[in-house]
Amino acid sequence: MGDRPKGEFSATAQHMSMLQATLGSKRASESWLYSYKRSFNGFVAKLTEEEKKKIDSLEGVVSVFASTKKQLHTTRSWDFMGFPVTAERTKTESDVIVGMLDTGIWPESPSFDDEDFGAPPSKWKGSCQSSSNFTCNNKIIGARYYHSEGTISPPDIPSPRDSEGHGSHTASTAAGGLVYGANLYGLGAGTARGGVPSARIAVYKICWSDGCSDADILAAFDDAIADGVDIISISVGGFFPSDYFTDPIAIGAFHAMKNGVLTSNSAGNSGPDSASIVNFSPWSLSVAASTIDRKFLTNVQLGNDESYVGVSVNTFVLENESYPLVYGGNVPNTAGGYGNSTSRYCILDSLDPKLVKGTIVLCDGLNDGEPAAAAGATGTIMHDSYFNDFAFSFPLPASYVGDDDGSKVYAYINGTSKPTATIFKSVEPDLTAPGVDILAAWSEASSMTGFPEDPRIVAYNIISGTSMSCPHASGAAAYVKSFNPTWSPSAIKSALMTTAATMSVATNTDAEFAYGSGHIDPLKAKSPGLVYDMEEADYVSFLCGQGYSNKNLQLITGDNTTCTASNNATVYDLNYPSFTLSAASGASISRVFHRTVTNVGSASSTYTAVVAAPQGLSIRVQPSTLSFKSIGEKQSFAVTVTASVGEAVLSGALVWDDGEYKVRSPVVAHAA
């Protein structure tokens, strides 16, 4: 229902009145579940499709949508991005509060120790849902949990305590304290730390064993904004993108932006397929995952002394020199109705436990290892041609090899009367290469992999995904905020984007559509020189240009906003720190982009436009120099981009350079 009404109002009374007028008193009391009232206006109710249509037609309603389930999308990573433990810090870093919307937190982890922390900052308005098994401290200053649908049953815990591990991992990555000697059975050893070790953490548990409910996500945003957090980190997303105002993360992030809070969210885990991003609202920071200079390799040795190297995080040490080796397709669970066409992929229950127990199983395709473990296997070798630039953990000794090596293992099995193999513990090589292979805190209520067959309980775990890269960006944003406490969310986002290190088009053929502006560099981002700043009105102009109605925009903003010729902006004129245009393959296109930058560097400075463009892309900037006389001064310019679009992405850049600062924005053209 948009913005929170000004002054005193009873959200629950308003919402019940609407339901009663539409559904009748008895049905209204059965239907209503929860009201959003602290930071924005809305409610959750159980409705039939017909009732949904009636509510949707009422005055004051922006949107009505079903509450679906979203999915959950370290030691070395901060050093890799040039952000050492000795990096400059502000005394006010402990005033920064990072709100973590995730699976909760494991408060006993050393990453969340509050030694040497004073009382929470005075701006904090939150609370701690303490229970018999959970208490907050001066590091974890607040914790809540949300579960609007059904009852809570094991393995879930009715408290902010993390029973899965994901939330503890993301929280310690963003703002965990320094923990020396952290490791996973010797792997990834070093000092585990967050981006802002002295910052406070506020926990909002929204995810459970069956997913993350839209209704709970919105409730957490409602509270986090009102509680006084500075940054919101949410490593959660749907399976496909939604309209801005039927997407709870985009809705929550919009109201966070209105209140000066930047939302950092994971872009999604369906890459590198094209158009697979699921969180993309321009008022939030969407984060992709990249590799770091570390890789975990697991060696497989066959009985013929041939060895093959795969990827996995394997902490198991096998007792014997070798074990019988079988192919999944040769050991189907025929009694259970399975044939070799299924068992070759090691689908759950497809393997015959009598033939598999005590063996190492070769499986076609990557799986989570549970089917082989459940059948009693000692280990598993998996192979296919999917990406092998990150490592998974499995509930038994495992290695994931490429198809070529997998075919050789298969040939050995079929050509040998008694084939054998062993799988060694993983090793950790350095590469010349963060969201991949990240070590961070874990919940001791869950096994290392979360599977019941896995006996390993660990304090720190290694996992991958945009869930892991998102808290890196959240921590970097909090670091920038600690130096620039008055900056807007868009200024912080601009600083992170324009100072990011460029990445290789050769290894990422989708260029900026794969990696965005580049790899974050927190040290440079705290002092970027210029920022592309935006306020709520800029986003409203963008939404006007996208066709949103005056009625809905007035509800969303809480004022008398109307779309007029002066504020009906095209997407090209959103003051965003990048430039993108598209056309049909083989066509030519030209667009003019208008931008305004704010000086946050040297008071007296002159910037010169430096452009880089491949063949087929032309970039003209007018004026080509910008002169500033004071901090906070704004200057505007226009960029004309002309492109002959083919199948390949055309990737260029505009850099404003004053000799001290280099403010880089990608300029990209692609086939629509």
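Cut-offs applied
- Residues numbered from 1 in each chain as written.
- Predicted model: local features only at pLDDT ≥ 70, side-chain atom pairs only at ≥ 80, totals over all residues.
- Heavy atoms only, no water.
- Salt bridge = Lys/Arg side-chain N within 4 Å of Asp/Glu carboxyl O.
- Buried < 20%, exposed > 50% of the residue type's maximum accessible area, 1.4 Å probe, protein only.
- Phe/Tyr/Trp six-rings, centres within 6.5 Å; stacked < 30°, edge-to-face > 60°.
- Lys NZ or Arg CZ within 6 Å of the ring centre and 35° of its normal.
- Patch = residues over 30% accessible without salt bridge, like charges linked within 9 Å, V, L, I, M, F, W, Y side chains within 5 Å.
- Areas by Shrake-Rupley, 256 points an atom, 1.4 Å probe, with all protein chains shown as cover.
- Helix = DSSP H or I, 4+ residues; strand = E, 2+ residues; numbered from the N terminus.
- UniProt positions renumbered as here; feature names shortened; annotations may be inferred.
- Contact = heavy atoms within 4.5 Å.
- Axes fitted to C-alpha atoms, helices over the stretch in contact; angles between N-to-C directions.
- Nonpolar A, V, L, I, M, F, W, Y, C, P; charged D, E, K, R; others polar.
- Pairing = 2+ DSSP bridges.
- pLDDT = per-residue confidence, 0-100.
- Disulfide = S-S within 2.5 Å.

Engineer: I would appreciate a short explanation of the pattern of salt bridges in the present structure.
Structural biologist: Going through the model one piece at a time under the given rule, you end up with 17 salt bridges. With its nearest N and O atoms 2.7 Å apart, the salt bridge here joins Asp214 to Lys70. Here Asp214 and Lys70 have matching classes, each one buried.

Engineer: Help me understand the packing of aromatic side chains in this model?
Structural biologist: Here the distance between the centres and the angle between the planes together describe a pair of aromatic rings. Summed over the entire model, instances satisfying the criterion amount to 17 aromatic pairs. Between Phe245 and Tyr548 the ring centres are 5.6 Å apart and the planes differ by 85°, which places this aromatic pair in the edge-to-face class. We classify Phe245 as buried; its relative accessible area is 5%. With a relative accessible area of 17%, Tyr548 lands in the buried category. Taking the ring centre of Trp106 as reference, the NZ or CZ of Arg161 above it sits at 4.5 Å. Looking at Lys526, its charged tip hangs above the ring of Phe483, at a distance of 5.1 Å from the centre.

Engineer: How do you make sense of a nonpolar patch on the surface when you look at a structure like this?
Structural biologist: There is a patch of nonpolar side chains on the surface, built from Val85, Leu178 and Tyr180 and spanning about 310 Å² of accessible area. By the element assignment, Leu178 lies in the loop between α5 (166–175) and β6 (179–184). What makes Leu178 partly exposed here is its relative accessible area of 36%.

Engineer: Mind showing me how you'd approach the UniProt feature "active site" (unreviewed entry) in the protein chain here?
Structural biologist: Taking the numbering used here, the UniProt-annotated feature "active site" (unreviewed entry) corresponds to Asp102, His166 and Ser467. Structurally, Asp102 can be placed in strand β4 (residues 97–102). Excluding residues that lie within four positions of it along the chain, Asp102 makes contacts with Leu72, His166, Gly167, Thr170, Tyr204, Lys205, Ile206, Cys207 and Ser235.

Engineer: Sorry, what's going on with the packing of helix α7 (residues 248–258) against helix α16 (residues 536–545) here?
Structural biologist: Two quantities define a packed helix pair, namely the angle between the axes and the distance from one axis to the other. Look at α7 against α16: their axes get within 10 Å of each other, and the N-to-C directions meet at 140°. Residues Phe254, Met257 and Lys258 of α7 form the contact with α16, whose own contacting residues are Glu536, Tyr539 and Leu543. Looking at side-chain class alone, the contact of α7 with α16 contains 4 nonpolar, no polar and 2 charged residues.

Engineer: What should I look at first to understand the sheet that holds strand β29 (residues 625–628) in this one?
Structural biologist: Read from one edge to the other, the open sheet built from 5 strands follows the order β25-β32-β31-β27-β29, with strand pairing classed as mixed. The outermost strands of the open sheet, each flanked by one partner alone, are β25 (579–583) and β29. Averaged over neighbouring strand pairs, the angle between their axes works out to 15° when direction is ignored. Bridge analysis of strand β27 (residues 605–612) against strand β31 (residues 650–657) gives 5 bridges, and the strand direction is antiparallel. Counted as the bridge partner of Ala609 is Trp656 from β31.

Engineer: Hey, could you run me through the confidence of the model for the protein chain in this one?
Structural biologist: The predicted structure's coordinates, where accompanied by low pLDDT, should not be read in detail. Per-chain confidence: the protein chain averages 87 in pLDDT, with 88% of residues scoring 70 or above. A low-confidence stretch, residues 430–437 stays under pLDDT 50, and its non-local contacts, those more than four residues away or across chains, total 38 contacts.

Engineer: Which parts of the structure should I look at to understand unusual backbone geometry?
Structural biologist: Across residues other than glycine, the phi torsion is negative in most instances, and most of the peptide bonds are trans. Geometrically, the link from Pro154 to Pro155 is a cis peptide bond, its omega value of 10° lying close to zero. Its place among the elements puts Pro155 in the loop between β5 (140–145) and α5. A cis amide bond links Gln622 to the next residue, Pro623, at an omega of -5°. Mapped onto the secondary structure, Pro623 falls in the loop between β28 (617–622) and β29. In this structure, Asp116 is a non-glycine residue whose phi angle is positive, near 75°. Position of Asp116 relative to the elements: it lies in the loop between β4 and β5. Of note, Cys346 is a non-glycine position whose phi angle comes to about 55°, a positive value. By secondary structure assignment, the location of Cys346 is in the loop between α8 (340–343) and α9 (353–356).

Engineer: Help me understand the environment of His166, please; the structure alone is not making it clear to me.
Structural biologist: One can find His166 in helix α5. Along the sequence, His166 and Ile105 sit 61 residues apart, while their C-alpha atoms lie 8.4 Å from each other.

Engineer: I tried to follow the state of the cysteines on my own but got confused; where do I start?
Structural biologist: Taken as a whole, this structure holds 4 disulfides when the rule is applied. Note that Cys128 is cross-linked by a disulfide to Cys136, the S-S spacing being 2.0 Å. With the S-S dihedral at roughly 90°, the linkage between Cys128 and Cys136 falls on the right-handed side.

Engineer: Help me understand the sheet that holds β5 in this model?
Structural biologist: In any sheet, the strands associate via hydrogen bonds between backbone groups, in a parallel or an antiparallel arrangement. With respect to topology, 6 strands assemble into an open sheet ordered β5-β8-β4-β11-β13-β14, the strand pairing being parallel. Only two strands of the sheet have a single neighbouring strand rather than two, namely β5 and β14 (285–287). Here the average twist between neighbouring strands, direction ignored, is 20°. With 4 bridges joining them, β4 and strand β11 (residues 231–234) adopt parallel strand pairing.

Engineer: How should I be thinking about the pairing of β28 in this particular structure?
Structural biologist: Two faces, one strand: in a regular strand the side chains alternate between the faces of the sheet. Side chains Leu617, Ile619 and Val621 project from β28 onto a buried face, and the interleaved Ser618, Arg620 and Gln622 project onto a face without burial. Here β28 pairs with strand β30 (residues 634–644) via 6 bridges, running antiparallel. Directly across from Leu617, in β30, lies its bridge partner Ala643.

Engineer: What is the right way to look at the environment of Thr359 in this model?
Structural biologist: Tracing the backbone through its elements, the reader meets Thr359 in the loop between α9 and β18 (360–364). Owing to a relative accessible area of 5%, Thr359 belongs among the buried residues under this scheme. Considering only alpha carbons, one finds Thr359 and Ala421, 62 residues apart in sequence, at a separation of 8.9 Å. When sequence neighbours within four positions are dropped, the list of residues in contact with Thr359 reads Pro324, Val326, Ala377, Thr378 and Gly379.

Engineer: Teacher, can you tell me more about the pairing of strand β21 (residues 420–423) here?
Structural biologist: Summarising the sheet, strand β15 (residues 297–302) and β21 pair through 3 bridges and their orientation is antiparallel. Residue Gln301 lies in a different strand from β21, and its bridge partner there is Thr422. The pairing of strand β17 (residues 323–327) with β21 spans 2 bridges and is antiparallel. Each residue of the ladder has a partner; that of Pro324, found in β21, is Thr420.

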